Amino acid sequence: MTANKRQIKLGMFLRPAAHHIAGWRHPEAWADGGLNFQRYAELAQIAERGLFDMMFSADALTADRYDPDSLSRTSYVAWIDPMSLLTALAPLTKHIGLVCTATTTYDEPFHIARKFASLDLISRGRGGWNLVTSANANEAQNFGRDEHLSKSERYRRAREFVDVVRGLWDSWDDDAFVFDKQEGRFFRPGSVHVLNHVGEFFRVRGPLNVSRSPQGQPVVVQAGASDDGRQLAAETAEVVFTAHQKIETAREFYSDVKNRMAACGRDRDHCKIMPGLGVVVAPTRQEALDKHEQLQDLIHPDVGISMLSKYIAWDLRGMDVDGPVPVVPQDRGAPTRSALLSDTARAEGLTIRQLYRRIAGTRGHFQVIGSPADVADMMEEWITTGAGDGFNIIPPFFPTSLNDFVDLVVPELQRRGLFRTAYEGRTLRENLGLPRPASRYAAGVREDAAAE
Ligand SMILES: Cc1cc2nc3c(=O)[nH]c(=O)nc-3n(C[C@H](O)[C@H](O)[C@H](O)COP(=O)(O)O)c2cc1C
């Protein structure tokens with residue numbers, strides 16, 4: 001009997017055209033590069049057919065960092081603002097969670113609170129915010145600064161930012177709006193709360209002029225992996241995306257974040273950790289391997305080198321592509337993924353070409369290539385041995401690879417009792433098994449401010 005097995009949570013990582021750096025060139029990839037809204041609608045509906053918990057759009061407030069020639073060979077260059085995209089997808093879908101990135105470094109809490117509360121209202125409780133501190137330092141130059149904020153300042157700001165956003169989301173009690181025509185009361189006096197926040201980075205009075213959203217608060221997602229990132233996630237995140245090359249580091253990350261949660265007094269189950277997972281699947285293992293090789297052969301070396309330079313945070317252009325990966329200094333506030341890639345190259349003696357081929361499909365996330373049983377075996381092992389609560393699935397190119405996952409892997413997971421056969425709930429929280437947060441004003445946690 002499989003009824004009591006741990007249930008895998010699934011996210012679908014969205015990207016224009018493809019995740020694999022050369023995926024857009026595949027003969028089966030969309031001829032128009034996926035650059036129109038109808039394509040995204042199609043992807044959302046395929047993911048919903050596969051009963052995914054959520055779809056996720058990453059974001060950066062800058063263009064990508066490759067040199068212009070390599071950039072012209074990639075599909076990562078044009079996008080739709082994710083908040084607009086997900087809001088437009090909301091009425092075209094019914095069940096799937098809609099999650100996108102917004103930075104705490106180059107935005108303001110009032111804006112973010114308002115936009116995600118609105119997404120949650122429009123989607124009837126399916127909104128989620130991936131809180132990032134901005135991985136791309138070039139964002140600074142679009143916001144009046146020459147230099148990126150230091151990592152410690154970014155995380156201090158993020159901590160205060162999320163507290164303000166949550167405070168604003170609690171502006172209205174659940175039962176604030178009574179629409180009492182008889183008495184002439186639209187909302188109950190005393191049911192709106194003024195935040196009056198004054199801190200190191202922000203002064204925000206509130207309240208939010210958007211009513212309380214169906215989930216109470218949209219789901220807060222994070223994806224930082226440094227010590228600061230793990231701590232902030234343990235204190236505040238409800239979903240964590242993470243990138244690993246090996247099950248061992250995924251397990252270490254998982255137990256570290258869950259232990260930190262327990263130390264903060266949080267229930268370990270109230271944050272779902274979802275490593276990224278690239279999947280190349282076909283009816284047989286050999287067919288999957290061939291499929292993968294076909295994609296790898298489409299990578300132009302200039303693109304591979306530029307991409308690796310970005311993720312390792314070191315300019316590799318002009319170096320011998322078949323020579324060793326240089327030892328990259330790690331004390332520059334570079335993203336955690338840079339150290340991960342450096343360590344992998346050193347441990348396995350990889351050349352630049354071998355390392356860029358390794359990350360071409362998933363940018364440093366784990367990748368599985370095989371039959372549906374191979375993929376399900378791997379996922380089952382990770383879930384049952386403390387490496388994750390689910391996965392953020394990274395299809396190499398759209399729509400074929402997403403259809404392959406839904407048609408081949410999902411039934412295999414269901415057969416093993418590891419994945420739902422129908423959505424359990426109506427909101428993203430309900431499907432993920434996350435509690436609805438009580439308002440900070442409900443239990444008298446804070447002094448109630450005067451009603452407007
Ligand atoms: C799956 C995944 C998605 C991410 N998406 C974004 C993103 O959309 N925008 C961004 O600036 N950073 C993104 N990041 C990066 C992290 O959120 C974080 O900012 C970065 O890792 C630097 O922090 P760290 O050193 O604590 O890891 C993502 C990371 C992962 C693993």
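Please refer to the structure placed before this passage.
None of these values were measured; they are calculated from a predicted model. (Residues numbered from 1 in each chain as written. Predicted model: local features only at pLDDT ≥ 70, side-chain atom pairs only at ≥ 80, totals over all residues.)

Asks: Would you mind showing me how to read the overall build of the protein chain here?
Replies: A tally of regular secondary structure across the protein chain gives 14 helices and 13 strands. Its C-alpha atoms give the protein chain a radius of gyration of 22 Å, within 12% of the compact-globule value 22 Å for 452 residues. With the C-alpha coordinates aligned to their principal axes, the bounding extent of the protein chain is approximately 75 × 55 × 45 Å. Put simply, the protein chain has 452 residues, and 46% of those count as buried. Counting only contacts in the protein chain whose residues sit at least 6 apart along the sequence, the fraction spanning at least 24 positions is 77%. (Helix = DSSP H or I, 4+ residues; strand = E, 2+ residues; numbered from the N terminus. Rg over C-alpha atoms; globule rule 2.2 N^0.38 Å. Buried ≥ 20, exposed ≤ 12 C-beta atoms within 10 Å, placed from the backbone. Contact = placed C-beta atoms within 7 Å.)

Asks: Looking at this structure, how should I read the pairing of strand 12 (residues 366-370)?
Replies: On a regular strand, each side chain points to the face opposite its neighbour's, so the side chains alternate between the two faces of the sheet. In terms of burial, strand 12 is a largely internal element, five of the five residues being buried. The side-chain alternation of strand 12 yields two buried faces, one formed by Phe366, Val368 and Gly370 and the other by Gln367 and Ile369.

Asks: It is not clear to me how the site of the ligand should be interpreted in this structure. Could you clarify?
Replies: Near the ligand you find 23 residues, and of these Ala58, Ala223, Gly224, Ser226 and Gly229 are the closest. Mapped by element, the contributors of at least two residues to the shell around the ligand are strand 3 (97-103), helix 6 (227-236) and strand 10 (239-242). Here the shell around the ligand is built from residues that sort into nine nonpolar, 12 polar and two charged. (Near = placed C-beta within 6 Å. Nonpolar A, V, L, I, M, F, W, Y, C, P; charged D, E, K, R; others polar.)

Asks: Even after reading the chapter, I still don't get the packing of helix 9 (residues 301-312) against helix 11 (residues 352-359), so can you show me in this structure?
Replies: Helix-helix packing is described using two parameters, namely the angle between the two axes and the distance between the axes. One way to put it is that helix 9 packs onto helix 11 with a least axis distance of 9 Å and a crossing angle of 80 degrees. Regarding the angle of helix 9 to helix 11, the classification is roughly perpendicular. The residues of helix 11 that touch helix 9, namely those facing Gly304, Ile305, Met307, Leu308 and Tyr311, are Ile352, Arg353, Leu355, Tyr356, Arg357 and Ile359. (Axes fitted to C-alpha atoms, helices over the stretch in contact; angles between N-to-C directions. Parallel < 35°, antiparallel > 145°, perpendicular 65-115°, else oblique.)

Asks: Hey, could you run me through unusual backbone geometry in this one?
Replies: With an omega dihedral of -5 degrees, the bond running from Gly206 to Pro207 counts as a cis peptide bond. Within the secondary structure layout, Pro207 lies in the loop between strand 8 (203-204) and strand 9 (219-222). Residues Phe398 and Pro399 are joined by a peptide bond in cis, for which omega reads -5 degrees. Its place among the elements puts Pro399 in the loop between strand 13 (390-394) and helix 13 (400-415). Positioned with a positive phi, Leu51 is a non-glycine residue whose angle comes to about 60 degrees. With respect to the helices and strands, the residue Leu51 is situated in the loop between helix 1 (37-49) and strand 2 (54-57). By the C-beta count within 10 Å, which is 20 here, Leu51 ends up buried. Phi at Phe179 is positive, roughly 45 degrees, even though this residue is not glycine. With respect to the helices, strands and loops of the structure, Phe179 is situated in strand 5 (residues 177-180).

Asks: Could you clarify how one ought to interpret the pairing of strand 2 in this entry?
Replies: Covered by surrounding structure in strand 2 are Met54 and Phe56 together with Met55 and Ser57, the residues of both alternating faces. As defined by bridge partners, strand 1 (residues 9-14) adjoins strand 2 across four bridges and the pair is classed as parallel. Its bridge partner lying in strand 2, Gly11 is registered against Met54. With four bridges connecting them, strand 2 and strand 3 associate as parallel partners. Note on strand 3: the bridge partner recorded for Ser57 is Cys100. (Pairing = 2+ DSSP bridges.)

It is worth stressing that arrangement in space is one thing and function is another; only the former is reported here.
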